[in-house]
Amino acid sequence: MRNIPSRQFVSAGIALILLIVFPLVVTNTFYQHVMIIFFMFAVMGVAWNIMGGYAGMFSFGQVAFFGIGAYTSSFLLIAYHVNPWIGLVIGGLVAGLVAIAIGYPCSNLRGHYFAIASIAFGEIVKTLFNNWKLVGAAEGLSLPMLDSGFKNFMFHASKIPYYYTILAFLLISLIVCYLVSTSKMGYYFRAIKEGHDVAKVLGINVVRYRLFAIVISAFLTAMAGTFYAQYVLYIDPESVMLLPISVQIVLISMLGGAGSVMGPVIGAAILIPISEGTRVWLGHKGTGIDMLIYGFLITLISVYQPKGVWGLFSNLGRGTR
Amino acid sequence: MPDQLMQQIVNGLLIGFMYSLIAIGLTLIWGVMNIVNFAHGDFLMVGMFTSFWLYTLYGLDPLFSIPICTALLFVMGILIYRFIVSKVMSGPMLAQLVVTFGVSIFISNLAVYFWTPDFRQITNPLLSGTWEVAGILLSIPKFVASIGSVITSLAVFLFLKKTRTGKAVLATEMDREAALLMGINTDRINSLSFGIGAALVGIAGAFLSTYYYIYPQVGGTFGLIAFSIVALGGFGSIEGAFIAGILVGLVQTLGGYFFDPSYKYAIVFMIYLITVWIRPQGLLGW
């Protein structure tokens, strides 16, 4: 049993090397794009997992944090020429503050009630941004073209620097998630998930730890938001605050296996190529067939693989029991 | 000015009655099964399109297609329960939450696939035009739809309180296990409730089709608003949903009137957040 973690680390190391080499071997920009979107959703899946998978708060409003991150850094860049990297940190902090503001009143909500509250929250934020003239209202924000380079978080010639940047973000989120899950906080989260009242009786400050989970999750999701803004250089409420993005994030975590560090990465690896692929190959006609397949897939996964595929993977790793 | 305000109140009431009818179906499903049906708004869309096509292809007025819409949605609800929802009832809660999202995306895009995302409208239905009562304009289709909503809600209420099957539904809602021990086939009750919940939005869809735009994504907003109403009315409470529907219709319209119409849905969602914050069991729940 001792060598199991080390074996996992070895396979994770091999996977990481393959991912680092990937864009050097595969020069097709569409495949690179799919990988970038995969990493981006994996970051958000990992972030969701911290509050959903560990602390049991099923948020369907993550897109609000994503949008807040994207909008904060973009607005600061346009209006005050703030460097996007600083914007990224400020965006994360703003998302964290908003998370506290919304998380505190919701701190006693569980299950369905929390899920719907998070949808309501996402829709309110979207409505505000759709009408907020300062940040372009429904027209959104176009980012100015800066010199290409790491310092400006903008790369015009190639997608590869974006690829490595978001891969690094994913590693950071995974490390954060791993540290949280193995820390005392992680055990508190699981205790809260298993039994809200029991955790309270055991002396866990439920409200505080739920807020911790939401804030960490919001910060990481906002980071992905800033990345997205820097990557496509144009944001509007319809592209960064849409409910289906939140659902996608939940689905990724569920498919991969909520409550395991690597689960969302596996989920994103399966789902993003399918959704990006069907969108590009079938979605251009506007017939809705790509979304049709997507909806069918969600239903299928919920019915047949509701505990996620991570369970299958880790069982294989352990061999027969 | 007071006339304008009165007009807004009347408009709010008219949309509110429609909300009530939609929310009653949702609260019934939620109360009995503890399942959040995110596809509820899409059931409404199916009802609207059914009425639209019956009118366009066969000239059947929406008023007469109500029974067809009701029956179709009832069957659809039962099938979706049997083949999809019942399979996740014993699964993890996350799957229960996500599954109806899948159904919602599937149904709305099936409509896009067959009928394109275009907006459609029923031209010249039997119910059209407006009455002017004491300086206030009263849209006839909306007025008749409101009466329909009251009658339907009353019928559901009486069914639940007076019939044996209805009482079995209520018993299941109160305590599933006790109901099972009393010899109630709770699985059949689930199936029936899902069917009735869907049938109710079938009726709402037929009425709405006489005056509202019909398009595949029409259900989204209605579905989300229905959640706020269900929360306000107390989860699972039919009377609560009815009253809360009217309240939300009023608040939405008056909010739009006094502030800015573009914020009217945000106001509705704020109602949800405030309700569950102050009283997680719903304002009118126990």
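Residues numbered from 1 in each chain as written. Chains lettered and ligands numbered in written order. Predicted model: local features only at pLDDT ≥ 70, side-chain atom pairs only at ≥ 80, totals over all residues.

Peer 1: Which parts of the structure should I look at to understand the overall build of chain A?
Peer 2: Counting its regular elements, chain A contains 14 helices and 2 strands. Once the C-alpha set of chain A is aligned to its principal axes, its extents read approximately 55 × 45 × 40 Å. Within the span of chain A, comprising 321 residues, buried residues form 50% of the whole. Of the contacts formed within chain A by residues at least 6 apart in sequence, a portion of 76% connects residues at least 24 apart. (Helix = DSSP H or I, 4+ residues; strand = E, 2+ residues; numbered from the N terminus. Buried ≥ 20, exposed ≤ 12 C-beta atoms within 10 Å, placed from the backbone. Contact = placed C-beta atoms within 7 Å.)

Peer 1: Whenever I open this one, the overall build of chain B confuses me. Can you help?
Peer 2: In terms of regular secondary structure, chain B is built from 11 helices and 2 strands. For chain B, the N- to C-terminal ordering of α and β elements is α-α-α-α-β-β-α-α-α-α-α-α-α. Against the globule reference of 19 Å for 286 residues, chain B gives a C-alpha radius of gyration of 19 Å, in line with a compact fold. Each principal axis of the C-alpha atoms in chain B carries an extent, and together these give about 60 × 45 × 35 Å. By residue count, 54% of the 286 residues in chain B fall in the buried class. Relative to all contacts within chain B whose residues are 6 or more apart in sequence, the contacts with residues 24 or more apart total 77%. (Rg over C-alpha atoms; globule rule 2.2 N^0.38 Å.)

Peer 1: What is the right way to read the interface of chain A and chain B from this model?
Peer 2: How large an interface is tends to be reported as the accessible area lost when its parts come together. Counting residues at the interface gives 37 residues for chain A, matched by 34 residues for chain B. Contributing elements (two or more residues each) for the side of chain A that touches chain B: α5 (111-131), α11 (243-256) and α13 (289-304) of chain A. For the side of chain A that touches chain B, the class distribution of residues is 25 nonpolar, 10 polar and 2 charged. (Nonpolar A, V, L, I, M, F, W, Y, C, P; charged D, E, K, R; others polar.)

Peer 1: Help me out: how do you make sense of the pairing of strand β2 (residues 136-139) of chain B in this one?
Peer 2: Consecutive side chains along a regular strand alternate between the two faces of the sheet. Looking at chain direction, strand β1 (residues 130-133) of chain B and β2 of chain B are connected through 4 bridges and run antiparallel. Within β2 of chain B, the position partnered with Thr130 of chain B by the bridge is Ser139 of chain B. (Pairing = 2+ DSSP bridges.)

Peer 1: What exactly am I supposed to notice about the packing of helix α3 (residues 62-88) of chain B against helix α8 (residues 186-208) of chain B here?
Peer 2: Two quantities define a packed helix pair, namely the angle between the helix axes and the distance between the axes. All names here are of chain B. Their axes nearest at 7 Å, the elements α3 and α8 cross at an angle of 145°. The handedness of the crossing between α3 and α8 is right-handed. The residue inventory of the contact of α3 with α8, partitioned by class, reads 17 nonpolar, 10 polar and 1 charged. (Axes fitted to C-alpha atoms, helices over the stretch in contact; angles between N-to-C directions. Left-handed = near helix turned anticlockwise from the far one by under 90°.)

Peer 1: Explanation requested: helix α7 (residues 184-194) of chain A in the structure shown.
Peer 2: Every α-helix winds through 3.6 residues per turn, so residues three or four apart in the chain are directed the same way. All names here are of chain A. Every buried residue of α7 is listed here: Tyr188, Phe189, Ile192 and Lys193. Down the axis of α7, the buried set is contained in an arc of 140°. They therefore lie on one face. Residues Lys184 and Glu194 are exposed on α7 and point more than 90 degrees away from its buried face. In this structure, the buried side of α7 is in contact with α2 (29-54), α8 (196-201) and α9 (206-232). (Arc of directions from axis to C-beta.)

Peer 1: Would you mind going over unusual backbone geometry with me for this structure?
Peer 2: Leaving glycine aside, a negative phi is the common case for residues, and trans is the common case for peptide bonds. The residue Phe153 of chain A is not glycine, and still its phi comes out positive at about 55°. Residue position: Phe153 of chain A is located in the loop between β1 (141-142) and α6 (160-182). Classification of Phe153 of chain A as buried rests on a count of 23 C-beta atoms within 10 Å. A positive phi angle is found at Asn34 of chain B, which is not glycine, with a value near 60°.

Peer 1: Would you mind going over the confidence of the model for chain B with me for this structure?
Peer 2: A low pLDDT means the predicted coordinates there should not be read in detail. Considering every residue of chain B, the mean pLDDT works out to 89; 98% of them sit at 70 or more. Both confidence scores are given for the complex: pTM 0.88, ipTM 0.85. (pLDDT = per-residue confidence, 0-100.)

Peer 1: Got a minute to help me understand the nonpolar core in this structure?
Peer 2: The nonpolar side chains of a soluble globular protein tend to be buried with one another. Val43 of chain A together with Ile22 of chain B are the most contacted members of the largest nonpolar core, which has 200 residues in total. Beyond its immediate sequence surroundings of up to four residues, Ile22 of chain B is in contact with Leu44, Val201, Ala204, Phe222 and Ala226 of chain B. (Core = buried A, V, L, I, M, F, W, Y, C linked by C-beta atoms within 7 Å.)

Peer 1: In this structure, what is going on with the packing of α13 of chain A against helix α4 (residues 93-115) of chain B? I would like to understand it.
Peer 2: The interhelical angle for the contact between α13 of chain A and α4 of chain B, taken along N-to-C directions, is 155°, at an axis separation of 7 Å. By the criterion of interaxial angle, the relationship of α13 of chain A to α4 of chain B is roughly antiparallel. At the point where α13 of chain A passes α4 of chain B, the crossing takes the left-handed sense. Packed against α13 of chain A, whose contacting residues are Ile289, Met291, Leu292, Tyr294, Gly295, Phe296, Ile298, Thr299, Ser302 and Val303 of chain A, the element α4 of chain B presents Ala95, Val98, Val99, Phe101, Gly102, Val103, Ile105, Phe106, Asn109, Leu110 and Tyr113 of chain B at the interface. (Parallel < 35°, antiparallel > 145°, perpendicular 65-115°, else oblique.)

Peer 1: In this structure, what is going on with the environment of Gln230 of chain A? I would like to understand it.
Peer 2: Residues and elements named next belong to chain A. Residue placement: Gln230 occurs in helix α9. Look at Gln230 and you get buried, because 25 C-beta atoms sit within 10 Å. Those residues within four positions of Gln230 in sequence are excluded, and the remaining contacts are Pro84, Phe153 and Met154.

Peer 1: Just checking my understanding: could you explain the confidence of the model for chain A for this structure?
Peer 2: Looking at chain A, the pLDDT average stands at 86 and 94% of residues meet or exceed 70. Summarising per-element confidence for chain A, the mean pLDDT is lowest in helix α14 (residues 310-318) of chain A (59) and highest in helix α4 (residues 84-103) of chain A (94).

Peer 1: I keep staring at the environment of His81 of chain A and nothing clicks. Help me out?
Peer 2: Residue and element names in this part refer to chain A. Along the chain, His81 falls in the loop between α3 (62-80) and α4. Judged by C-beta crowding, with 9 C-beta atoms within 10 Å, His81 ranks as exposed. For His81 and Pro144, which are 63 residues apart along the polypeptide, the C-alpha to C-alpha distance reads 9.6 Å.

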